[in-house]
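Geometric and topological summary
Residue-level listing of the chains:
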Amino acid sequence: LHRVDRRQRQMCIRDRDNATLFVNHGRILMELGKVANTASEANDKFEEAAAQVQRGIDVETKAVGPEYEGLANGLSLLAEIRFAQGRPEDAEHLARRAASVAKAPEAKLEFEVTAMVWHAHSECNGAEASQELNTFLDEAADGTSPDTIERLRSGVADLSSSVAAYPGCKLKPK
């Protein structure tokens, strides 16, 4: 019985290391997609990145279960890839899923704010979303470190201009 426990623990450690490798490979591919020469080349890199990150998420879930910070971070990266592909609705959904599996309250808050930012991009409504985000952060300030709240506020300070410059919003009729 002792040997079996030890072997399972070793397999779990190995699987978590593999999951990290897949996610890191996906992160590299995403960055390559951002600097690709053509839209087609970029999309190919983003799809490859998404597949690697999804593979890491699957391995991580199998190794440690569905609630783990590594899983939340993998989902967040996958959301970032989807956003880079011009799919803010998918990014929002994945960020909300990351918030639901994250254990640390500040991580949950950060993923929720990210989901709200991507929702603003999918709706092409930066001004209204900016007000909603500030209200949300005012309510979240109790029990959250002031540094975290300030960092999140500064991260969404230029939301209106970011949404206005977003390619998907430039194409939508006013």
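Structure report, in brief. (Residues numbered from 1 in each chain as written. Predicted model: local features only at pLDDT ≥ 70, side-chain atom pairs only at ≥ 80, totals over all residues. Heavy atoms only, no water.)

Topic: the state of the cysteines
Selection criterion: By disulfide we mean two sulfur atoms from cysteines, separated by a distance within 2.5 Å. Put simply, DSSP H or I for four residues or longer makes a helix, DSSP E for two residues or longer makes a strand, and each gets a number counted from the N terminus.
Evaluation of the coordinates by the stated rule reveals 1 disulfide. Disulfide partner of C124: C169, at an S-S distance of 2.2 Å. The disulfide joining C124 to C169 has a torsion of about -95 degrees about its S-S bond and is therefore left-handed. Highlighted residues: C124 in the loop between helix 5 (105-123) and helix 6 (126-140) and C169 in helix 9 (residues 167-171), separated in sequence by 45 residues.

Topic: the environment of T61
To keep things clear, this is the line we draw: Only protein chains enter the accessibility calculation, which uses a 1.4 Å probe; a residue is then buried when its area is under 20% of its type maximum, exposed when over 50%, and partly exposed in between.
Within the secondary structure layout, T61 lies in helix 2 (residues 39-64). Exposure remark for T61: the relative accessible area of 31% places this residue in the partly exposed category.

Thoughts on the packing of aromatic side chains
Here is the rule: Side-chain rings of Phe, Tyr and Trp, where Trp is taken by its six-membered ring, are said to pair if the distance between their centres is within 6.5 Å; with planes under 30 degrees apart they count as stacked, over 60 as edge-to-face, and otherwise as tilted.
A full pass over the atoms with the stated rule returns 2 aromatic pairs. For the pair F83 and Y166, a centre-to-centre distance of 5.1 Å together with 20 degrees between the ring planes defines the contact as stacked. A residue pair is termed long-range when its members are at least 10 positions apart, and F83 in helix 3 (residues 69-84) and Y166 in the loop between helix 8 (159-165) and helix 9 qualify at 83 residues. Judged by relative accessible area, Y166 falls into the buried class, the value being 9%. Members of the aromatic cluster, joined through ring pairs, are F83, W118 and Y166.

Comments concerning the packing of helix 5 against helix 6
Our working definition: Only the stretch in contact is used when fitting a helix axis, every axis being a line fitted to C-alpha atoms; angles between N-to-C directions are given from 0 to 180 degrees. Roughly parallel means an angle under 35 degrees; roughly antiparallel, over 145; roughly perpendicular, 65 to 115; everything else is oblique. Handedness of each helix crossing follows the sense of rotation of the near helix against the far helix: counterclockwise by less than a right angle gives left-handed, clockwise gives right-handed. Only heavy atoms matter for contacts: two residues are in contact if any of them lie within 4.5 Å across the pair. Under this grouping Gly is polar, as are all residues other than the nonpolar Ala, Val, Leu, Ile, Met, Phe, Trp, Tyr, Cys and Pro and the charged Asp, Glu, Lys and Arg.
With their axes 10 Å apart at the nearest point, helix 5 and helix 6 run at an angle of 170 degrees to one another. Classified by the interaxial angle, the pair formed by helix 5 and helix 6 is roughly antiparallel. Where helix 5 crosses over helix 6, the handedness of that crossing is right-handed. Touching L109, E112, V113, M116, V117 and A120 of helix 5 are A129, E132, L133, F136, L137 and A140, all from helix 6. Across the contact of helix 5 with helix 6, the residue classes break down as 10 nonpolar, no polar and 2 charged.

Comments concerning a nonpolar patch on the surface
Applicable threshold: A patch consists of residues exposed above 30% relative accessible area that lack any salt bridge, with like charges linked at up to 9 Å and nonpolar side chains (Val, Leu, Ile, Met, Phe, Trp, Tyr) linked at up to 5 Å. Method for areas: the Shrake-Rupley scheme with a 1.4 Å probe, in which residue coverage is limited to the protein chains shown. Salt bridges are counted wherever a side-chain nitrogen of Lys or Arg sits within 4 Å of a carboxyl oxygen of Asp or Glu.
Together, I28, L32 and V35 give the surface a local cluster of nonpolar side chains, amounting to about 300 Å² of exposed area. Counting through the fold element by element, V35 comes out in the loop between helix 1 (2-34) and helix 2.

Considerations on the pattern of salt bridges
According to the stated counting rule, one finds 9 salt bridges in the structure shown. As a salt-bridge pair, K34 and E80 come within 3.8 Å of each other at their nearest N and O atoms. With K34 in helix 1 and E80 in helix 3, the pair connects residues that are 46 residues apart, well separated along the chain. Looking at K34, the relative accessible area reads 45%, which means it is partly exposed.

Remarks on a negative patch on the surface
Filter applied, for reference: A residue counts as positive if it is Lys or Arg and as negative if it is Asp or Glu; His and the chain ends are not included. Working definition for charges: the position is that of NZ of Lys, CZ of Arg, CG of Asp or CD of Glu.
Where like charges cluster on the molecular surface, the negative patch consists of E89, E123, E128 and E132. Here E89 is to be found in helix 4 (residues 88-101).

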